[in-house]
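Understanding the architecture of this molecule
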Amino acid sequence: MEITVIKGSINYIDDCEEALVNSELGKRYFSEKGKARKALEEGFNKNDIYVAIDNNNNCKGFVWVILNGIFHMHPYVHIIAVKSENRGQGIGKMLLKFIEDVYYKKYSKLFLVVSDFNPDAKRLYKDIGYSVIGDIPNLYRQGITECLMMKSKE
């Protein structure tokens with residue numbers, strides 16, 4: 001299966017919503033009906049979302065990057081989600097690699113946070129070069145600690 005990453009369009013919102021609500025992140029932060037869709041509409045309207053598609057234009061996952069999301073000067077990977085049936089196939093890594101290739105042309109650093117309930121994602125980010133900056137308890141939700149991570153352009 002060949003995967004291509006493209007600038008997202010609202011046409012992919014159903015698949016992106018499915019990927020998000022069926023992830024641990026979605027279950028913890030977007031369980032309220034319609035919340036994920038409303039957030040994704042915002043991301044698509046701001047042209048901040050990229051989608052991974054197969055040869056038949058089927059969306060497999062997405063990444064949402066807020067351009068100046070950290071300190072008003074560095075890109076912030078806000079959400080990355082892959083549809084449950086496509087996890088473990090390297091699509092998340094591919095989405096991150098694409099983002100790095102795009103944003104390192106203009107920026108020297110990328111940031112993201114990963115929740116304490118998602119150790120597999122944290123391990124992935126470390127494996128591809130993200131460094132731990134520090135933990136932020138209760139950032140988005142009481143009782144959940146987020147780990148701020150950064151990757152510098154090589």
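Each chain carries its own residue numbering, running from 1 in the written order of its sequence. Totals for whole chains, interfaces and linings use every residue, but because this is a predicted model, local features are given only for residues with pLDDT of at least 70 and side-chain atom pairs only at 80 or more, for both listing and counting. For the side-chain quantities, the full set of heavy atoms in the structure was used; hydrogens and water were omitted.

1. A closer look at the layout of surface pockets
Threshold: A cavity here means a set of 1 Å grid points, computed over protein atoms only, where a 1.4 Å probe fits but cannot escape. A pocket is an open set with protein on both sides within 12 Å along at least 5 of 7 lines, and lining residues have an atom within 4 Å of a point. Grid points are joined across faces, edges and corners, and a volume is the space filled by probe spheres set on the points. Numbering of helices and strands runs from the N terminus; a helix is a DSSP stretch of H or I covering at least four residues, while a strand is a stretch of E covering at least two. Under the scheme applied here, ten amino acids are nonpolar (Ala, Val, Leu, Ile, Met, Phe, Trp, Tyr, Cys and Pro), four are charged (Asp, Glu, Lys and Arg), and all others, including Gly, are polar.
The computed volume of the largest pocket comes to approximately 970 Å³. As for the largest pocket, its lining consists of 38 residues, and the residues nearest its centre are Leu25, Ile80, Asn118, Ala121 and Tyr125. Counting only elements with at least two residues in the lining of the largest pocket, the list comes to α2 (24-29), β4 (74-82), α4 (91-103), β5 (109-115) and α5 (119-127). The dominant element in the lining of the largest pocket, judged by the number of residues it contributes, is β4, at 7 residues. Of the residues in the lining of the largest pocket, the class split is 19 nonpolar, 10 polar and 9 charged.

2. So, the pairing of strand β7 (residues 145-152)
The line we're drawing: Remark: exposure states derive from per-residue accessible area (1.4 Å probe, protein chains only) relative to the maximum for the residue type, with buried under 20%, exposed over 50%, and partly exposed in between. Pairing between two strands requires that DSSP report at least two bridges joining them.
Summarising burial for β7: 6 of the 8 residues are buried, a large majority. Here β5 pairs with β7 via 7 bridges, running antiparallel. The residue bridging serine 115 from the neighbouring strand is glutamate 146, located in β7. The pairing of strand β6 (residues 131-137) with β7 spans 6 bridges and is classified as antiparallel. When the bridges of β7 are listed, glycine 134 appears paired with leucine 148.

3. Digging into the pattern of salt bridges
Definition in use: In what follows, salt bridge is the name for a side-chain nitrogen of Lys or Arg lying within 4 Å of a carboxyl oxygen of Asp or Glu.
As enumerated under the stated definition, the model contains 12 salt bridges in all. Between lysine 97 and aspartate 101 there is a salt bridge; the shortest N-O distance is 2.9 Å. Here lysine 97 and its partner aspartate 101 are both found in helix α4, 4 residues apart, which amounts to about one turn of the helix. Taking relative accessible area as the criterion, lysine 97 reaches 47% and is therefore assigned partly exposed. Through salt bridges with shared partners, a single network forms among Asp15, Glu18, Lys83 and Glu85.

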